[in-house]
Amino acid sequence: MAEKLIGTDIAPPDLIAKITGRARYSEDFRPDNMVFAKLLLSPMPHCRVREVDATRALAMEGVIGILRAEEVPSREGPREACLTDEPHYEGEPVLAIAAITEEIAADAIEAIDVDFEPLPFVLDPLDSLRPGGPTAYTDGNRFARAPDAEQGDGPVWSDFKWTEADFAEIDAGRMPSDAVAISNWDKGDVDAAFAEADLILEEEIVHQSVTHHPMEPRTNMAYWENGKLFAHVSTQSAQRTKAAVAGAVGIDQEDVVLIAPYCGGGFGSKIAGTTPMQIPAIFSRKINRPVMLRITRYEENYVGRARPGFQTWVKMGFRSDGKCIGIDLFIVEEGGAYGSGDNGTAGAIADLIYTPENMRFRAVSMYTNTPPKAAQRGPGGAQIVSMLEPILAKAGRELEVDALQMRLINAPDPDVAFGPRGSTLTSVHAKEALEQGAELFDWAGKQALSGRREGTKVTGIGVALSPYTAGSRGFDGLMVIRPDGKLYVHQGIGNLGTHSISDTARPAAEILGLNWDQVEIVWGDSSRGMPRSSVQAGSQTTHAHTRANHAAATDAARKIRQIAAQSLGGSPGDYVLDNGRVFRRGGGAGMSFAQVAERAIQMGGEYDGHELPDDIHRETVPAATMLAGEGLMGVAKDNYGGRGGVYTFVAGFAQVELDVETGVVDIKEFVGVTDCGTVVHPRSLGAQLFGGCIQGMGMAMTQKWVYDPKYGVAFANRLYTARPPGFLDIPLNMKWAAVGIADPQTPVGAKGIGEPPVGAGAAALTTAIADAMGTCLCRTPLTPDIILSELEGRDPAFGRLDQHVG
Amino acid sequence: MDLWRRAADPWGQDVLIGVSWDLMWAAIWVAAAFLIGHFVWIKFRPSEAHEATEVPAGIPERIQRHSLASRVFHWTMSASMLVLLVTAFVPMLGLQFAWVEIHWIAGVVLTATIIYHIIHSIGWQDFWSMFQIGFSEGVAHLKHIMSPKAPAPKAGKYPFDHRMFHHANVVVGLGVIATGVLMMVRIDTPLWAPNPYMLADSTWGVVYVIHGLCGVSLILLTASHIYFALRPEKMWITWSMIRGWVDRDHYLAHHDPAKWVVTNGAAPPSVTEGTPRAAETAEAEGASPEARSASE
Amino acid sequence: MAIIRDMIPAFELFQPNTVDDALALLDEHRDEAWVLAGGLDSYDWFKDRIKRPAVVVDLGGIEELHGITEEQGGLTIGAMTSLTEVVNHARVQSDYSVLATAAEHVATPQIRNQGTLGGNIAQDTRCWYYRSGWPCYRAGGNTCYAAAPKAMNREHAIMGASRCVAVSPSDTAPALVALDAKMTVRGGGSPKVHDAEDFFIGPAIDITRMTVVKPGDLLTAIHIPAAWANAQFYYEKVRDRGSWDFQLVSVAAAFQVSGGTITDARISVGGVAPYPVRLERVERLVTGTTGGESVVNEAGELSVQGARVLRHNDYKIPMMRNLVRRAVRSVA
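Every value quoted in this text rests on a predicted model; they were computed, and no experiment measured them.

Asks: For this particular structure, what's the right way to read the overall build of chain C?
Replies: The helix and strand tally for chain C stands at 13 helices and twelve strands. Rg of the C-alpha trace for chain C: 20 Å, near the compact-globule value of 20 Å for 332 residues, within the 12% margin. Considered along the principal axes of its C-alpha atoms, chain C spans approximately 60 × 50 × 35 Å. The proportion of buried residues among the 332 residues of chain C is 63%. Within chain C, residue pairs in contact and separated by at least 24 positions form 64% of the contacts whose partners lie at least 6 positions apart.

Below you can see the structure in the form of structure tokens.
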């Protein structure tokens with residue numbers, strides 16, 4: 001009997017390569033004649049290039065060429081180009097130099113004289129909203145279709161400002177109730193809800209921007225051969241990255257060969273194509289040599305993106321039993337130089353975890369002259385959970401309702417409808433996760449410790465619920481059983497550092513009755529054939545591709561049975577698949593998969609991929625066509641359907657000890673329990689849960705951006721100043737568990753896990769620290785100086801809504 | 001030898017930072033060369049004949065050159081100036097100590113004295129005795145330097161070289177003080193916190209360059225001033241900055257009574273009756289009146 | 001000239017075997033030479049292309065600079081001894097544990113393996129304005145950007161500032177001050193021995209360097225005298241994360257205690273001034289007492305008297321005060 005694969009621990013196929021250093025990342029590929037490119041970055045937050053004198057640089061021996069902004073694609077409006085003559089953030093690439101060694105390229109950059117004209121800049125979105133305040137673009141701070149636009153009119157620039165009256169409220173510490181929002185939605189009647197609430201809490205909250213800082217900077221290398229672009233890139237996805245690169249460079253997808261077997265993390269900053277990918281592609285075409293652009297850690301700070309920060313006002317109304325009955329939420333988002341939209345998800349998730357039934361959501365996202373903002377692991381969700389869960393806990397303290405009880409009474413049930421469109425979900429086991437976590441954490445025992453003071457240490461206990469999207473539908477699976485008898489699963493997904501690259505193939509192995517050693521994962525090189533796949537973002541991969549591979553394997557199984565019946569007699573239903581063979585149920589005649597493969601090739605048609613299903617995506621067709629005739633092909637679209645969104649929930653619990661004399665927080669214990677449907681790979685799930693929670697802890701406790709306000713220049717631009725959490729920042733005592741109830745609307749029952757833990761880790765800490773302090777600081781990161789200052793009753797160093805301070 | 005120090009400002013733009021410390025060394029070397037050169041030159045210069053003039057009537061024995069107020073001003077100003085120079089340059093020469101506070105306090109003192117002096121000289125002193133160019137006198141002075149046979153011009157209260165020295169100090173002094181006052185904005189004092197952004201980086205660079213140029217010029221000016229003040233043939237002037245008066249013989253030897261009018265009858269209040277100081281001082285210096293006057 | 005970072009420019013590397021050879025190289029190459037110990041400070045400057053010496057003199061091969069020896073009843077630690085070796089040394093742990101604890105709080109294990117004790121105390125400040133290559137006073141310019149009205153200065157000094165408000169980042173420095181350590185510096189003439197307190201100079205004396213070590217000099221050894229062996233020690237470092245970070249504030253203290261009474265004390269605080277601050281008045285205050293609560297509180301208040309805060313580092317006052325209190329409280 002073939003081993004059961006789903007729910008077991010199997011070492012990923014790339015483990016040894018990664019540990020031994022044999023894994024090749026984009027920077028490890030060095031074709032002949034390759035040159036190195038180096039970037040010249042903008043020294044100012046907003047400026048215009050008046051003149052570039054590169055004569056000395058181009059005259060240097062070993063310098064091959066220069067690439068300027070006018071040679072790369074650009075679009076009108078606030079759209080990022082890979083090189084620009086009007087940088088909108090300090091650190092934005094202006095031009096690139098190629099030389100035979102990196103040292104020469106760097107020396108050449110220094111030999112270039114650029115005359116930059118400084119322009120006004122803005123770092124804080126509120127400054128941009130203030131009447132008379134600066135705007136990130138010279139043409140304004142909002143790029144949208146005018147209210148009176150006609151059909152076919154494009155977006156235009158305008159100056160979007162709030163009024164003096166709005167700022168009078170803001171400066172007095174209140175939500176600017178009349179301020180115009182760019183996005184908004186309502187449900188129920190929030191004012192009526194507040195009128196009947198037994199408790200109303202109003203807070204101003206700041207969540208600071210943090211850089212992604214994946215361990216691998218986004219180095220890329222590219223060259224052209226026979227009209228095709230060979231792109232060695234650092235990316236989270238694969239098939240979709242190939243499409244993105246083709247689009248960015250303006251060529252057909254099938255003229256791109258994407259090589260990306262490994263990625264040292266992306267966290268949302270490398271979802272598919274990235275702007276730096278364009279530079280080697282375009283430069284190598286220009287100079288006719290392979291170009292390697294190694295992005296340094298310094299550059300990674302800037303072009304590597306960051307999570308947008310939020311400045312938020314919230315008003316929450318509660319009944320005496322702890323139920324939240326109304327939320328008024330207003331978010332100002334720091335859009336960076338090219339805009340961002342985390343606020344939408346934030347609003348929806350707030351509705352999901354508090355189920356208030358009455359809600360008003362408003363948001364503006366303003367351009368600032370800071371590095372581009374991008375999705376970062378749980379965009380919008382991680383922030384809002386980290387920001388609002390302490391408010392819930394505070395309400396519990398004031399209403400004298402236990403914090404876990406507060407969480408449970410407000411958690412969604414399976415029939416929840418939330419967000420602007422009343423979205424529903426395929427499965428919700430949030431309460432089970434909370435209850436299971438409470439037991440694992442010993443909530444009852446820990447509650448007795450809440451607020452306990454021993455010497456200078458105060459204990460705080462926190463609980464939080466963090467949901468995030470965790471699935472999608474409709475992608476294609478593609479696999480071939482070759483005459484060697486093995487199943488080759490062609491993954492179009494990226495190997496972004498999780499294990500979904502191989503785990504999503506397990507359903508296929510199980511359906512085909514194969515042991516894992518009979519399965520080969522084909523990944524990382526688009527020339528080997530990639531089906532239409534999801535992007536590796538939104539934690540959707542496990543869900544989407546267990547389905548896609550399930551569908552393709554089901555297709556293969558059908559064909560195998562048919563071949564067996566045709567070859568050996570009887571009907572397909574008489575046959576069973578196990579251990580690499582197809583044979584009559586109850587024993588009897590059978591064929592090995594190797595034989596099936598050969599038979600498929602002889603039979604042709606749909607069996608070996610010469611005929612393809614009508615409904616697969618057109619992007620899958622070239623890959624399938626290429627593999628036709630190689631064996632028994634399983635190819636199918638995920639038509640399993642489903643209603644509602646797919647969300648995973650993580651319940652986080654934390655116990656902290658806060659030293660009241662120093663402000664230092666020691667995390668004593670952390671528990672994370674998830675409802676992510678069926679658990680495919682337990683050890684991997686644990687790693688994702690811990691990893692995500694730790695990232696959330698860093699977001700809550702240590703990481704931030706800092707700018708000098710006078711020059712608009714960033715300071716936390718080294719790993720040691722950006723302060724991502726280290727090994728000694730996390731508790732030794734960390735536990736995880738999974739509810740494990742299969743999602744009913746997906747064949748394998750598995751949902752994703754990548755993102756929800758971040759909010760859980762962050763919010764468990766922000767709530768635990770608030771519990772220890774007896775007050776909510778409403779700000780991240782909670783570094784010792786901020787905590788101590790509050791405990792000692794000293795004037796805070798900065799305004800309540802200030803960001804980027806340090 | 002560098003003249004300036006430049007740097008990249010926070011936005012990567014090239015700005016001036018200040019003068020190069022090479023200029024300090026240059027000033028020291030030039031001052032040393034000038035002083036030694038002058039000393040040697042004077043030693044080998046033949047003495048010159050001194051024209052006897054008739055003694056007009058009504059010239060008192062002691063003529064007031066500097067009032068008490070002027071002298072207090074001068075010595076306070078020069079003390080603060082010396083402190084400023086020492087605190088400015090000695091650390092760069094190798095002896096390090098906490099100099100900044102002393103420097104700006106001395107600078108405040110200097111500024112106060114100069115403000116006093118400007119008001120006092122305009123309102124209470126003979127402003128034009130100093131504030132003139134006197135071109136023809138200058139030419140005569142120059143000719144006299146070239147050849148001892150050409151007679152030294154008879155000066156008003158302040159001879160040509162004194163006036164030129166003072167003009168140089170006015171320019172350089174006002175330059176260093178004005179820039180120094182601006183720089184006070186960068187100091188953390190009980191009255192205000194530093195605000196370096198009052199001016200742009202490039203503007204501050206210019207401020208520091210002016211301060212530096214004036215400062216190193218002051219090395220030269222101060223060194224030569226002290227040298228000349230200690231020269232035997234000039235000691236009678238130096239004494240006047242201490243005691244307030246010059247004696248009649250020196251007055252008649254070097255000054256034109258028509259230009260420096262002293263016959264208003266009143267004797268300088270600091271003079272006590274009696275002893276003819278001129279002869280005494282001459283004896284003390286051990287030089288003949290002729291030799292002394294020839295050394296101008 | 002455009003700016004580029006993260007690419008070390010070329011330099012000529014010399015790896016002398018003796019101190020004399022190293023000094024001769026420094027003398028020959030003057031201001032073109034740079035001394036390399038563990039490199040944890042140097043490489044950051046080189047990578048940023050802000051300091052670009054033509055010549056680098058690597059002390060790693062000089063045996064006489066490595067190792068810990070017993071001398072005059074105390075210990076002499078070669079300047080190039082790794083921090084890990086200092087942490088693990090039996091006699092440092094048994095008799096001078098405050099130094100072992102302090103050294104163990106430096107950064108991370110990897111950095112401690114490569115970093116040296118000499119390098120740790122001679123390291124340059126980490127003010128991020130200065131480290132970004134801005135033309136501040138310390139860099140030879142005319143401004144302190146960190147002391148400007150809206151500057152980002154949560155990590156900067158609350159005392160001892162003189163135009164420059166950067167802090168001394170060394171974790172071992174306060175411990176060495178508390179141990180009355182002596183540093184031997186060799187330069188032009190014969191070796192000079194400096195008391196730890198005098199080894200660290202403030203910006204008032206020379207705003208361009210943190211210690212008495214001038215270009216052309218070499219710090220060769222740190223001597224811990226026997227005086228404070230087996231004293232009662234206290235060390236604490238407060239930082240943002242559990243590792244890697246420099247201190248926000250740290251304290252190192254040594255107490256001679258006899259019959260419950262403090263007979264002598266050394267208390268030094270890091271992270272609050274451009275040099276490790278020795279709290280002599282506090283030492284005098286606690287001497288002769290038993291370290292009871294009222295002395296503890298008085299000591300804390302006295303330690304922060306005269307502090308001048310910047311916009312973002314006000315918290316250092318209670319933090320310093322509390323650390324000093326904890327140091328004194330540890331005696332009782």
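Asks: Is there a simple way to explain the overall build of chain B in this structure?
Replies: A count of helices and strands for chain B gives eleven helices and four strands. For chain B, restricting intrachain contacts to residue pairs at least 6 apart in sequence, the fraction spanning at least 24 positions comes to 74%. Surface accessibility of chain B: about 15,700 Å² in total, with carbon and sulfur atoms responsible for 71%.

Asks: For this particular structure, what's the right way to read a nonpolar patch on the surface?
Replies: There is a patch of nonpolar side chains on the surface, built from M1, L3, W4 and L213 of chain B and spanning about 410 Å² of accessible area. Tracing the chain through its elements places M1 of chain B in the segment before strand 1 (4-8).

Asks: How do you make sense of the interface of chain C and chain A when you look at a structure like this?
Replies: Frequently, the measure chosen for interface size is the accessible area removed from exposure when the parts meet. In this assembly, 47 residues from chain C lie in contact with 51 residues from chain A. Taking both sides of the interface into account, the surface hidden between chain C and chain A amounts to around 4,200 Å²; carbon and sulfur atoms contribute 56%. Taken together, chain C and chain A are joined by 14 salt bridges. Across the pair D245 of chain C and R723 of chain A runs a salt bridge, and its minimum N-O distance is 3.5 Å. The tally of links between chain C and chain A comes to 25 residue pairs in polar contact (both at pLDDT 80 or more). Among the elements of the structure, helix 8 (128-131), strand 9 (232-238) and helix 13 (316-329) of chain C are those that each provide at least two residues to the side of chain C that touches chain A.

Asks: I keep staring at the interface of chain B and chain C and nothing clicks. Help me out?
Replies: The interface of chain B with chain C comprises 23 residues on the first partner and 22 residues on the second. A buried area of about 1,800 Å², summed over both sides, lies between chain B and chain C, and 52% of it is on carbon and sulfur atoms. For the pair chain B and chain C, the number of links is zero salt bridges. At the surface where chain B touches chain C, the tally comes to seven residue pairs in polar contact (both at pLDDT 80 or more). Secondary-structure elements contributing two or more residues to the side of chain B that touches chain C are strand 1 and helix 7 (201-230) of chain B. No other element matches helix 7 of chain B, which puts four residues into the side of chain B that touches chain C. Looking at the side of chain B that touches chain C residue by residue, the classes come out as 13 nonpolar, five polar and five charged.

Asks: Is there a simple way to explain the packing of aromatic side chains in this structure?
Replies: Aromatic ring pairs are described here by two measures, namely the spacing of the ring centres and the angle between the planes. Residue and element names in this part refer to chain A. Using the criterion set out here, one finds 44 aromatic pairs over all chains in the structure. Note on F418 and Y647: the rings are 5.4 Å apart at their centroids and 80 degrees apart in plane angle, and the pair reads as edge-to-face. Of this pair, F418 sits in the loop between helix 12 (403-410) and helix 13 (430-441) while Y647 sits in strand 26 (residues 647-659), placing them 229 residues apart in sequence. Accessibility classification places F418 together with Y647 in one group, the buried group.

Asks: Would you mind showing me how to read the pairing of strand 4 (residues 93-99) of chain A here?
Replies: For a regular strand, the rule is simple: side chains alternate between the two faces of the sheet. Residues and elements named next belong to chain A. Across the seven residues of strand 4, seven count as buried, placing the element largely inside the fold. As judged from the four bridges shared by strand 3 (residues 63-67) and strand 4, these two strands associate in the antiparallel manner. Directly across from V63, in strand 4, lies its bridge partner A99.

Asks: Whenever I open this one, helix 12 (residues 293-303) of chain C confuses me. Can you help?
Replies: Owing to its 3.6 residues per turn, the α-helix brings residues three or four apart onto one side. Residues and elements named next belong to chain C. Those residues of helix 12 that sit buried are V295, V296, A299, G300, L302 and S303. Down the axis of helix 12, the sector holding all buried residues measures 165 degrees, keeping them to one side. Among the structural elements, helix 11 (280-286) and helix 13 are those in contact with the buried residues of helix 12.

Asks: Which parts of the structure should I look at to understand the nonpolar core?
Replies: Counting residues in hydrophobic clusters, the biggest one holds 134 residues, and the most contacted among them are L40, L95, I97, I112, I279 and F283 of chain A together with Y129 of chain C. At nine residues, helix 22 (residues 756-773) of chain A tops the list of elements feeding residues into this core. Two domains share this core, each providing at least three of its residues, namely domain 1 (25-119 + 220-293) and domain 2 (307-471 + 645-791) of chain A. Filtering out sequence-adjacent residues up to four positions away, L40 of chain A remains in contact with E92, P93, V94, L95, I109, I112, V114 and F116 of chain A together with A2 of chain C. Of all hydrophobic cores here, the second largest spans 62 residues; its members include I331, I353, Y354 and L404 of chain A.

Asks: How should the state of the cysteines be read in this particular structure?
Replies: Note on terminology: disulfide describes a covalent bond linking the sulfur atoms of two cysteines. Residues and elements named next belong to chain A. The tally for this structure, following the rule as stated, stands at zero disulfides over all chains. With no disulfide of its own, C693 lies 12 Å from the sulfur of C676, the closest cysteine sulfur. Judged by its relative accessible area of 0%, C693 is buried.

Asks: It is not clear to me how helix 5 (residues 164-171) of chain A should be interpreted in this structure. Could you clarify?
Replies: All names here are of chain A. Where helix 5 is concerned, the buried positions are D166, F167 and I170. One face of helix 5 carries all of its buried residues, which in axial projection span an arc of 90 degrees. Away from its buried face, by an angle of more than 90 degrees, helix 5 presents the exposed residues E164 and A165. At its buried positions, helix 5 is contacted by helix 4 (125-129), strand 9 (199-207) and strand 14 (310-318).

Asks: Help me understand the sheet that holds strand 20 (residues 487-490) of chain A in this model?
Replies: Strand pairs in the sheet, formed through backbone hydrogen bonds, run parallel or antiparallel to each other. All names here are of chain A. One open sheet accounts for four strands, arranged 21-20-19-25; its pairing is mixed. Whereas interior strands pair on both sides, the edge strands pair on one side only; in this sheet they are strand 21 (519-522) and strand 25 (632-637). On average, each strand axis in the sheet is inclined to that of its neighbour by 20 degrees, with strand direction left out of account. The pairing of strand 19 (residues 476-481) with strand 25 spans six bridges and is classified as antiparallel. When the bridges of strand 25 are listed, I481 appears paired with L632.

Asks: Is there a simple way to think about the sheet that holds strand 22 (residues 575-578) of chain A in this case?
Replies: Residues and elements named next belong to chain A. Pairing is antiparallel in the open sheet, where three strands are placed in the order 22-23-24. Two strands bound the open sheet, and with one partner strand each, they are strand 22 and strand 24 (590-592). The average undirected angle you get between the axes of adjacent strands in this sheet is 15 degrees. Bridge count between strand 23 (residues 581-584) and strand 24: three bridges; the pairing is antiparallel. Bridge pairing links V582 to M591 in strand 24. Lying over the sheet, helix 17 (residues 541-568) contacts strand 22, strand 23 and strand 24, oriented at roughly 125 degrees with respect to strand 22. Running at roughly 85 degrees to strand 24, helix 18 (residues 593-603) makes contact with strand 22, strand 23 and strand 24 of the sheet.

Asks: Sorry if this is basic, but what is going on with the side chain of H550 of chain A here?
Replies: Within the element layout of this structure, H550 of chain A appears in helix 17. Residues contacting H550 of chain A, with those up to four places away along its chain left out, are P507, I511, Y640, P747 and V748 of chain A.

Asks: Is there a simple way to explain the pattern of salt bridges in this structure?
Replies: Close approach of charged atoms lets side chains of opposite charge pair. The tally for this structure, following the rule as stated, stands at 80 salt bridges over all chains. For K394 of chain A, the salt bridge is made with E203 of chain A, and the minimal N-O distance between the two is 2.7 Å. Of this pair, K394 of chain A sits in helix 11 (residues 381-399) while E203 of chain A is found in strand 9, placing the two residues 191 residues apart along the sequence. Neither K394 of chain A nor E203 of chain A differs from the other in exposure class; each is buried. Among the ionic contacts, a cluster of salt bridges with common partners joins R723 and D785 of chain A together with R154, E155, D240, R241 and D245 of chain C.

Calculation rules
- All residue numbers refer to position in the chain's written sequence, counted from 1.
- Throughout, the order in which chains and ligands are written sets their labels, letters from A for the former and numbers from 1 for the latter.
- The predicted nature of this model means local features are confined to residues of pLDDT at least 70 and side-chain atom pairs, given and counted, to a pLDDT of 80 or more, with totals for whole chains, interfaces and linings taken over all residues.
- With hydrogens and water stripped out, all remaining heavy atoms of the structure feed into the side-chain values.
- Runs of H or I in DSSP of at least four residues are treated as helices and runs of E of at least two as strands, each being numbered from the N terminus.
- Throughout, radius of gyration means the C-alpha value; the globule benchmark is 2.2 Å times the number of residues raised to the power 0.38.
- Residue burial is assigned from relative accessible area. The probe radius is 1.4 Å, only protein chains are included, and a residue is buried under 20% of its type maximum, exposed over 50%, and partly exposed in between.
- Contact between two residues is taken to exist if any of their heavy atoms lie within 4.5 Å; hydrogens are not considered.
- Note that accessible areas follow from Shrake-Rupley with a 1.4 Å probe, and for residues the cover is restricted to the protein chains shown.
- Here, patches come from residues exposed beyond 30% relative accessible area and free of salt bridges, joined within 9 Å for like charges and within 5 Å for nonpolar side chains (Val, Leu, Ile, Met, Phe, Trp, Tyr).
- Just to be clear on terms, a salt bridge is a Lys or Arg side-chain nitrogen sitting within 4 Å of an Asp or Glu carboxyl oxygen.
- Here the buried area means the combined drop in accessible surface, using a 1.4 Å probe, for two parts upon being joined, counting both sides.
- Within 3.5 Å is the distance limit for a polar contact, defined as a pair of N or O atoms, with the added protein rule that one can donate a hydrogen and the other accept it, and that residues adjacent in sequence qualify only through two side-chain atoms.
- Ten residue types, Ala, Val, Leu, Ile, Met, Phe, Trp, Tyr, Cys and Pro, are classed as nonpolar, four, Asp, Glu, Lys and Arg, as charged, and the remainder, Gly among them, as polar.
- A pair of aromatic rings is counted whenever rings of Phe, Tyr or Trp (Trp by its six-membered ring) have centres within 6.5 Å, and the orientation is called stacked for planes under 30 degrees apart, edge-to-face for over 60 and tilted otherwise.
- The criterion for strand pairing is that DSSP finds at least two bridges linking the strands in question.
- Think of it as the arc spanned by the lines of direction from the helix axis to the C-beta atoms.
- To form a nonpolar core, buried Ala, Val, Leu, Ile, Met, Phe, Trp, Tyr and Cys residues must be joined to one another through side-chain atoms within 4.5 Å.
- Residue ranges for the domains trace back to a domain assignment, done automatically or taken from a database.
- By convention in this document, the label disulfide applies to cysteine sulfur atom pairs within 2.5 Å.
- To get an axis, a line is fitted to the C-alpha atoms, and for a helix only the part in contact is used. The angle between two axes follows their N-to-C directions and goes from 0 to 180 degrees.

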